[in-house]
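A look at the structure
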Amino acid sequence: MHNTLNHVIPTIVYQLGLLNRTIQELIGEAVENDRLIFSKSLRTQMSTLIVEPTQRCQGMGMDLSTLPYVILIDGLDECTNEDSQTELLAAFKECLLVNDLPFRTVIFSRPEWAIRTALEPGGQLCMVAYHIQLSDKYDASGDMRRYLQKRFECIGLRIGDPTWFSAENVEALVRAASGQFVYVATAYRFISARRASPVDRLKTVLSWIPQGQSTARPFESLDRLYTNILSTANNTYEAGGGPHEQNFLLLFMVFLASSHCGNFHLSGWSHDINFNRLLPILKFDGGRVSETLASDLHSLVLAHSNSLGLYHKSFADFLQEKSRSQGLFVPFSGIWKHLSKCSMQYIAECQLDIEHREWEAIPLNHQRALIQAVEGLPFSLGRATAMGDEIEWPFQGFEDWIANLRQLANRLKARNPEAAAIVSQFAGEWELDGERIREWGEHSPQVEAPAAPGNSWAQLVVSAVCLGLVWLLVDRHKLNNATVP
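Everything numeric in this text was worked out from a predicted model, so none of it was measured.

Of the regular secondary structure elements, the chain holds 21 helices and four strands. Considering the chain as a whole, with its 485 residues, one finds that 47% of them fall into the buried category. Considering only contacts in the chain between residues 6 or more positions apart, those separated by 24 or more positions represent 73%. Here the chain has roughly 24500 Å² of accessible surface; of this, 50% comes from carbon and sulfur atoms.

Pasting the structure below:
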């Protein structure tokens, strides 16, 4: 689900039409008749794009058993909007369960509020859904045992040693899982990493199992597993001298947040923030993201070309709860603070000559990164201070910067009105953000007092204007349709 249900119906519709030409044409006709259909309610989308085309096929005498009829939805609870969860469940009930259609829906989810209330007596799915409780009424030990046995046997074939593990090893892992399949799945991915010895890694995982695990702490084994895998990756990164000696955990959390994983997202900083824009700002070699950040975390994350994904939401929960991640915990304010400092440093280091317009000479990915840094800086600074982190906002000299921008806009009016309007608008937005941050500083005892004149970060920001930063604002309209390589 990844925090949104916007793609659920389009995905089902795509899969439905992919294997049947007739229903594909009917779905296409429905979309053609209503180009805004995907912006409407889930119930309307489902009725228009699934129910009606299927019923028309049925009326044409088509054998509906030829259609893919099982709809699988995994991780409904990962959509953090409970109203959206309720809306989707209602759409399935009203559209697919009351019509004579061949579809069967299977939903996998943790028992969050919307799901629980729908299944309870009086709930909309109470009498129409079959509920299998995998936690307290279903013993998954047998499934976990078979899973590990088969996977370990495959590893034995790969390394040419079928005796590399024992039945006792499997049982120890199953007991440590405490009924949580995610534990054995994560342990297996860690053990089976191809660049490591499965024998050594199995011994390592077994040594991480807490002794005398309490039933009052069902996540103890899982937390210990997550802690040790993440700590190992952190230690390996530090021992290898990561790029610019940056904090591994902080970098990992920034990239995780930019990938919109679980509840991690940098909403407000940019509507389309991604790896390509963050890498130059954080002084990170774009070709080494997967290799450097995720090379020792493949049991926990999926590394794509421009994002990270999580195998299971429980890892996101672990990272967000200080009581569980403890020394590995990184608060969101720390992420915002790091982004603020990196953005200011990146802006200051961009030495553009304001008279000779060297903007075009900057590689396109750095142009976009610079725009990202400039536009996101006010928001990230505000978020860091609003969350109570200690970061020095450059109040002194701020008015001079705004004044310089406005003077530049006035000088540009005659020869480039469009550029003047862009600079003037940007100055106004900065001025408004500055006023809001001052208010936070005046009313919040957690926010550090304004920095004294000569503050290093203030100097960086103000010097950016002198170095010709404003030319990126002047020419930014050229980049609206550009694509980062």
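Having seen the model, we can carry on.
For the rest of this paragraph, the subject is the packing of helix H7 (residues 167-177) against helix H8 (residues 181-191). Running from N to C, H7 and H8 point in directions that differ by 135 degrees, and their axes come no closer than 9 Å. Relative to H8, H7 is oriented oblique. Residue-level contacts link Leu 173, Ala 176 and Ala 177 of H7 to Tyr 183, Val 184 and Ile 191 of H8. Taken together, the residues of the contact of H7 with H8 sort by class into six nonpolar, no polar and no charged.

Another aspect to go through is a nonpolar patch on the surface. Taken together, the side chains of Tyr 69, Val 70, Leu 72, Val 106 and Phe 108 present a nonpolar region at the surface, about 470 Å² in accessible area. Contributing elements (two or more residues each) for the nonpolar patch: strand S1 (70-74) and strand S2 (104-108). Since its relative accessible area comes to 42%, Phe 108 is described here as partly exposed.

Bringing the pairing of S1 into the picture now. Alternating residues of S1 divide into Ile 71 and Ile 73, all buried, and Val 70, Leu 72 and Asp 74, none buried. Of the pairings in the sheet, the one linking S1 to S2 comprises five bridges and is parallel in character. Bridging across to S2, Ile 71 finds its partner in Thr 105.

The next thing to look at is the pattern of salt bridges. Scanning all chains against the criterion turns up eight salt bridges. When the shortest N-O distance is used, the salt bridge between Arg 56 and Glu 29 registers 3.4 Å. Of this pair, Arg 56 sits in helix H3 (residues 42-59) while Glu 29 sits in helix H2 (residues 21-33); the two residues are 27 residues apart in sequence, bridging distant segments of the chain. We classify Glu 29 as partly exposed; its relative accessible area is 37%. Of the charged contacts in the structure, one is a salt bridge between Asp 223 and Arg 324, with a shortest N-O distance of 2.7 Å. Taken together, the residues span a long stretch of sequence, with Asp 223 in helix H10 (residues 220-239) and Arg 324 in helix H15 (residues 322-325) at a distance of 101 residues. Both residues of the pair, Asp 223 and Arg 324, belong to the buried class.

Taken as a whole, this structure holds 12 aromatic pairs when the rule is applied. With a centroid separation of 5.5 Å and an interplanar angle of 55 degrees, the aromatic rings of Tyr 226 and Phe 318 are classed as tilted. One end of the pair, Tyr 226, is in helix H10; the other, Phe 318, is in helix H14 (residues 313-320), and 92 residues separate them in sequence. Taken individually, Tyr 226 and Phe 318 each receive the classification buried, so the pair is uniform in this respect. Here the aromatic rings of Phe 315 and Phe 318 are separated by 6.2 Å at their centres, their planes lie at 15 degrees, and the arrangement is stacked. Pair noted here: Phe 315 and Phe 318 are both in helix H14, with a separation of three residues, about one helical turn. Owing to a relative accessible area of 0%, Phe 318 belongs among the buried residues under this scheme.

Below, the discussion takes up H8. Counting buried residues in H8 gives nine out of 11 residues, a clear majority hidden from the surface. Looking at the packing, one finds that the buried side of H8 touches helix H6 (141-159), H7, helix H9 (198-208), H10 and H14.

The next thing to look at is the packing of helix H1 (residues 8-18) against H3. Closest axis-to-axis distance for the H1/H3 pair is 10 Å, and the angle between their directions is 10 degrees. The pairing of H1 with H3 is recorded here as roughly parallel in orientation. Two secondary-structure elements touch here, H1 through Ile 9, Pro 10, Ile 12, Val 13 and Leu 16 and H3 through Leu 42, Gln 45, Met 46, Leu 49, Ile 50 and Thr 54. Among the residues making up the contact of H1 with H3, the classes are represented as nine nonpolar, two polar and no charged.

Let's shift gears to H9. Burial in H9 covers these residues: Pro 198, Arg 201, Leu 202, Val 205 and Trp 208. Looking down the long axis of H9, one finds its buried residues gathered within 120 degrees of arc, a one-sided arrangement. Every exposed residue of H9 that faces more than 90 degrees away from the buried side is listed here: Lys 203 and Ser 207. Its buried side turned inward, H9 meets H6, H7, H8 and H10.

Before going further, it helps to spend a moment on unusual backbone geometry. The phi dihedral of Ser 178 falls on the positive side, at around 50 degrees, and the residue is not glycine. Of note, Ser 178 is situated in the loop between H7 and H8. Taking the relative accessible area as the measure of exposure, Ser 178 reaches 39% and is therefore partly exposed. Unusually for a residue other than glycine, Gln 326 sits at a positive phi of about 50 degrees. Along the polypeptide, Gln 326 turns up in the loop between H15 and helix H16 (332-349). Note on Gln 326: relative accessible area 52%, which makes it exposed.

Here we take up the nonpolar core. If you look at the biggest cluster of nonpolar residues, it comprises 72 residues, and the most contacted ones within it are Phe 152, Tyr 183, Leu 230, Phe 252 and Phe 315. With nine residues, helix H11 (residues 248-258) is the single largest residue contributor to this core. In this view, Phe 152 contacts Trp 164, Phe 165, Val 170, Leu 173, Tyr 188, Ile 191 and Leu 202; residues no more than four positions away in its chain are not counted. Formed by 34 residues, the second largest nonpolar core is a distinct cluster that contains Ala 30, Leu 49, Leu 64 and Leu 67.

Here we take up the side chain of Ser 299. Mapped onto the fold, Ser 299 is located in the loop between helix H13 (289-293) and strand S3 (301-303). Apart from residues lying up to four places away in sequence, Ser 299 is in contact with Thr 186, Arg 189, Phe 190, Ile 229 and Tyr 311.

This next bit is on the confidence of the model for the chain. Should pLDDT be low for a region, the predicted coordinates there are not to be read in detail. Summary statistics for the chain give a mean pLDDT of 75 and a share of 68% for residues scoring 70 or more. Below a pLDDT of 50 lies the segment residues 268-272, which in the model reaches 14 contacts outside its immediate sequence neighbourhood of four places, other chains included. This model gives residues 440-485 a pLDDT under 50, and the stretch forms 96 contacts once residues within four places in sequence are excluded.

Parameters and conventions
- Residues numbered from 1 in each chain as written.
- Predicted model: local features only at pLDDT ≥ 70, side-chain atom pairs only at ≥ 80, totals over all residues.
- Heavy atoms only, no water.
- Helix = DSSP H or I, 4+ residues; strand = E, 2+ residues; numbered from the N terminus.
- Buried < 20%, exposed > 50% of the residue type's maximum accessible area, 1.4 Å probe, protein only.
- Contact = heavy atoms within 4.5 Å.
- Areas by Shrake-Rupley, 256 points an atom, 1.4 Å probe, with all protein chains shown as cover.
- Axes fitted to C-alpha atoms, helices over the stretch in contact; angles between N-to-C directions.
- Parallel < 35°, antiparallel > 145°, perpendicular 65-115°, else oblique.
- Nonpolar A, V, L, I, M, F, W, Y, C, P; charged D, E, K, R; others polar.
- Patch = residues over 30% accessible without salt bridge, like charges linked within 9 Å, V, L, I, M, F, W, Y side chains within 5 Å.
- Salt bridge = Lys/Arg side-chain N within 4 Å of Asp/Glu carboxyl O.
- Pairing = 2+ DSSP bridges.
- Phe/Tyr/Trp six-rings, centres within 6.5 Å; stacked < 30°, edge-to-face > 60°.
- Arc of directions from axis to C-beta.
- Core = buried A, V, L, I, M, F, W, Y, C linked by side-chain atoms within 4.5 Å.
- pLDDT = per-residue confidence, 0-100.

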